[in-house]
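Summary of the model geometry
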Amino acid sequence: MTGPLILRQGQRIGRQRFSGREAFRSVSAYYLLPFRFERFCGNEVLVVNDVGEHLFLTASDFARFTGHELRSDEDVYLTLKGKHFLADSDSLVPVDLLAIKARTKRAHLEGFTKLHIFVVTLRCEHTCRYCQVSRVTQDRKRFDMSEAIAHRAVEFTFRAPAERIKIEFQGGEPLLHFERIVQVVREARAKAAATGRHVDFVVASNLALLSDEMLEFFQQERVSLSMSLDGPAFIHNMNRPRPGGDSHEVAIASLTRARAALGADAVSALMTTTRLSLDHPRQIVDEYVLQGFHSIFLRSLTPLGFARRTAPRIGYDIDRFLRFYEEGLDRVLEVNRGGYQLVEVYAQLLLTRMLTPYSTGYVDLQSPSGAGIGVAVYNYDGDVYASDEGRMLAEMGDKRFRLGSLQADSYDEVFGGTRVRELVESSCNESLPGCSDCAFQPWCGADPVFNYATQGDIVGHRPDSDFHRKNAFIIRHLLELYRSDEGVRRIFWRWIRGNTIGDPNAESTT
Amino acid sequence: MRLEATGTAARLDHRVIGRIATADSPPEVREDAVLLWRHEDMATDGDTEGYLALLTPLPTLPTWARSIPAVTGVEGLEHLQAGDVVLLTPAGFVRILYRRHSEHNFLLVAQDCNSYCLMCSQPPRPSDDIGRVHEHLRLIDLVDPGTRELGLTGGEPTLLRDHFLEIVQRCKSRLPGTALHVLTNGRLFFYNKFAERLGAIGHTNLMLGIPLYSDVDSEHDYVVQAKGAFDQTVVGLNHLARYGVPIEIRVVLHRQTYQRLPRLAEFVVRNFPFVRQVVLMGLEFTGLTLTHPDDLWIDPAEYQGQLREATAYLHAAGLRVRIYNHQLCVLDQSLWQFAAQSISDWKREYLSCCGSCAVRSACGGVFATSRGRHSEHIKPFSGTAAIGPALISR
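Values in this document were obtained by computation on a predicted structure and should not be read as measured data.

Parameters and conventions
- Residues numbered from 1 in each chain as written.
- Chains lettered and ligands numbered in written order.
- Predicted model: local features only at pLDDT ≥ 70, side-chain atom pairs only at ≥ 80, totals over all residues.
- Heavy atoms only, no water.
- Contact = heavy atoms within 4.5 Å.
- Buried area = accessible area lost by both parts, 1.4 Å probe.
- Salt bridge = Lys/Arg side-chain N within 4 Å of Asp/Glu carboxyl O.
- Polar contact = N/O pair within 3.5 Å; in protein donor to acceptor, adjacent residues only side chain to side chain.
- Helix = DSSP H or I, 4+ residues; strand = E, 2+ residues; numbered from the N terminus.
- Nonpolar A, V, L, I, M, F, W, Y, C, P; charged D, E, K, R; others polar.
- Pairing = 2+ DSSP bridges.
- Axes fitted to C-alpha atoms, helices over the stretch in contact; angles between N-to-C directions.
- Core = buried A, V, L, I, M, F, W, Y, C linked by side-chain atoms within 4.5 Å.
- Buried < 20%, exposed > 50% of the residue type's maximum accessible area, 1.4 Å probe, protein only.
- Domains from an automatic or database assignment.

Our next topic: the interface of chain A and chain B. Counting residues at the interface gives 45 residues for chain A and 42 residues for chain B. Of the roughly 3,700 Å² buried where chain A meets chain B, counting both sides, 53% is carbon and sulfur surface. Taken together, chain A and chain B are joined by 6 salt bridges. In this structure, E266 of chain B and K83 of chain A form a salt bridge, with 2.7 Å as the shortest nitrogen-oxygen distance. Along the contact surface separating chain A from chain B lie 14 residue pairs in polar contact (both at pLDDT 80 or more). Listed by contribution, the elements that provide at least two residues to the side of chain A that touches chain B are α1 (4-17), α3 (75-82), α4 (93-105), α15 (345-355) and α21 (486-497) of chain A. Among the residues making up the side of chain A that touches chain B, the classes are represented as 18 nonpolar, 14 polar and 13 charged.

So, in structure tokens, the structure goes:
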């Protein structure tokens, strides 16, 4: 384009002025930054660094990388460097960036216990086959939380330094003890205002007993609802018997009223997978779509309490559940491709950990475990437990995870005691046997209560662990899906971003 | 559009910065005003009392104006309007510093720079930048507070150190409603205190546009021709984030940067998720680029794959993406929604083949300053049917 003579002159000047790439490369040998790895089929190796960034390498690149044989002008070298798998100078900047990311990944630890579960009653009018704890009884005195205990529990709740606190009402069926909910909400609101904190409320309920008076209160106080929905009527009603056998019908009727009063987003649903569910993943997913939900949590049965006792009838092994999960997730993706936004919550959680620098505060899958430091359970009788499963175990007669008593102990004794410390020390998967060198470690967590309930030991034995099997399988599956095609990637990212109404990159632009 | 011109100065013994007045102005505003005398539309009653100076395209002054400083015979500034701000020098040089009705006003507050980017469009040169700071402050005082956006550029503005902060502070107090956009390499914010002081000014409508050319230090340092620059900028980004200063990452796409663009996108998402937006920019074929064009020039059509991958990823990850300096006909249609009409009005033009294009009004055109070096793939769109949806979603 330009006259050749002028161009040559220009280039000569340029060469004198500008230094070449080599002048900016480090002359020292590279060193490895902390990472873990896992061999994949197809001659690939997945490498994951301490803050959860990942990369697939060919086996030969991996061998050369770890053998310190990469040249500093290779693409793979630059990529490993950019993702902080290797460093080649005495600059501390890569380490500083890693430190910021490590801090960010653990941001859920900030503020200590954020989720406070109030078991306002153990009574229930359902007799669910998998339920660990409920009692069908009229004995209010014995199974309801007293006013004094609730008052003390609110005090404990606000001893936690968290700026944002969530109070969840559970049971039994918490609506059977509505007056206690009212008391706790009022006291907590006052406490939050006095201490400059924010508090959210959610009631976990089957919604069968939802009255207009309750709805009015929930609307005034912006309390959201979490209902049980196991699938279409034939599954839901089989799993959740109640007098009349109409649990599904009653729940859906209440759902409609609740949405009208509180708004569509104020009601979420939780499903439990039983043996009956296993053959119907598509129907279950479709039921969530039919009922207008935009998220579904394909959740395996908690192997505790009554569920463990009744395991021969409703239980299943983890591999069977994982087949169910895989089919269910497929259906969820299909639904998304069809233009209906439906998030699978467990995948959303794991993907957020895998693909973003952010932390997630899901108490059953974090390191250290959220037991006690992320969640606390105030039982109807005044006992404090490290997790919901911990109190379920107690209902079965094993108080291993009882942290103390609201009446007898101080806050510091309960939350600073040896039980909490032991739980934290035994649930850092950075150091747990079988976890510490697993490539998925930064994305995964630990569940000491699960370990104890299934293996009799809070540290647990990874090779036989259903927790390990499940998470390793799902993470691997998600990685493969993410790599498979751009459409899936877009759906996954939409889940990660959460609410994306008005997203210009919606499905139609495929 | 010309922003500079030369005429003949009279009685001008120092540099004058003033606001253009085209009609008789009340006495109280005259002390900041340069009277623009256009023969055809001015009353000639000879009242020049109190004006800073007089500016005219006419070769000679009328008798009534022979007592105030003036620049005569200035041609090519027909677009000057009341409220614009001009600089007049004793040598008869005239520069338009601010145009009231433009969306593209920027203050070139420094000539000097601590980097020497391969493709710099405004090649740096050592200069007494600090000695000119008072002129920039005066200009800020003369800018219409209704101005939507003002840019600070260079050179490297932060090399003014305390004076840079003073300029930002002045913008905040005089132009509280004007968005302030600063083009800086961010290297000086390696010093935490400097970032803290910028944050402490509390300008509520400030954004720093900071270039990052690679996910790897040596690649970035090569592009900016300064060893250690990457580390300084990266630390600077974190310091700025810490003090709540909004940041835009800017990437100029050329032969030395396009290949790792998807990796750079990942690097930004994992390390700097706090940035307000990422701007992916086409090369302006001017400045230092001219000294080694073959090292830098690549037809944008050739890097659409990398551009598309990086944009889709950044967008999916929730970052705002903007594509600057690309003609719609060169961009993959999935990218149209991100394309902005970014080329400043005074240096934007369209090729002759663009005359019949159906989407010309939505297109940002080409750099008039690029000396004819544009994509080989520029072509007009004839119908609207095929391109309707992409434009609507824009």
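Moving on from the model shown.
All names here are of chain B. Read across the open sheet, the 7 strands follow the order β9-β10-β11-β12-β13-β14-β15; overall the sheet is parallel. Both outer strands of the open sheet, β9 (105-108) and β15 (320-324), are each paired with one neighbouring strand and no more. Across the sheet, the mean angle separating the axes of adjacent strands is 25° when strand polarity is ignored. In the sheet, strand β11 (residues 179-183) pairs with strand β12 (residues 206-211) via 4 bridges, with the strands oriented parallel. Following the sheet pairing, H181 is matched in β12 by M207. Sheet strands touched by helix α5 (residues 229-242): β12 and β13 (247-252). Its angle to β12, the strand with the most contacts, is close to 165°.

So, on to the side chain of T272 of chain A. All names here are of chain A. Secondary-structure assignment places T272 in the loop between β10 (267-270) and α11 (281-290). Of note is the side chain of T272, whose polar atom sits 2.8 Å from the side chain of R299. In this structure T272 touches Y130, D230, N239, S277, R299 and L301, once residues within four positions along its chain are discounted.

Moving on, we get to the nonpolar core. F118, F169, F218, Y378 and W495 of chain A together with F164 and L198 of chain B are the most contacted members of the largest nonpolar core, which totals 237 residues. Broken down by element, this core gets its largest block of residues, 9 residues, from helix α14 (residues 318-337) of chain A. Looking at which domains feed residues into this core, each of domain 1 (23-105) and domain 2 (109-427 + 480-504) of chain A supplies at least three. The contact partners of F118 of chain A, leaving out residues within four places of it in the chain, are M145, A150, A153, V154, T157, I167, E168, F169, Q170, V184 and Y378 of chain A. Core analysis: the second largest hydrophobic core is formed by 18 residues, L55, V86, I96 and W346 of chain B among them.

A separate point is the environment of W493 of chain A. Note on placement: W493 of chain A falls in helix α21. Sequence separation between W493 of chain A and L355 of chain A is 138 residues, and the spatial gap between their C-alpha atoms is 8.7 Å. Here W493 of chain A is in contact with L355, T356 and Y482 of chain A together with Y313, A316 and A317 of chain B, once residues within four sequence places are set aside.

The next thing to look at is the pairing of strand β4 (residues 54-58) of chain A. All names here are of chain A. Among the 5 residues of β4, 4 are classified as buried, and the element is accordingly described as predominantly covered. Looking at chain direction, strand β3 (residues 44-49) and β4 are connected through 5 bridges and run antiparallel. Bridge assignment links V48 to a residue of β4, and that residue is H54. In sequence, β3 turns back onto β4 through a hairpin of 4 residues, with G52 there showing a positive phi of about 85°.

It is worth spelling out the sheet that holds strand β15 (residues 402-405) of chain A at this point. Residues and elements named next belong to chain A. If you walk across this open sheet you meet the 8 strands as β10-β9-β8-β7-β6-β13-β14-β15, and the pairing is mixed. Unpaired on one side and paired on the other, β10 and β15 mark the two borders of the sheet. Between one strand and the next, the sheet's axes are offset by a mean angle of 25°, whatever the strand orientation. Where strand β6 (residues 115-119) meets strand β13 (residues 375-378), 4 bridges bridge the pair, whose relative direction is parallel. In the strand pairing of β13, F118 is matched with Y378. Where helix α7 (residues 178-195) meets the sheet, its contacts fall on β6, β7 (164-170), β8 (198-205) and β9 (223-228), and the angle it forms with β8 comes to roughly 165°.

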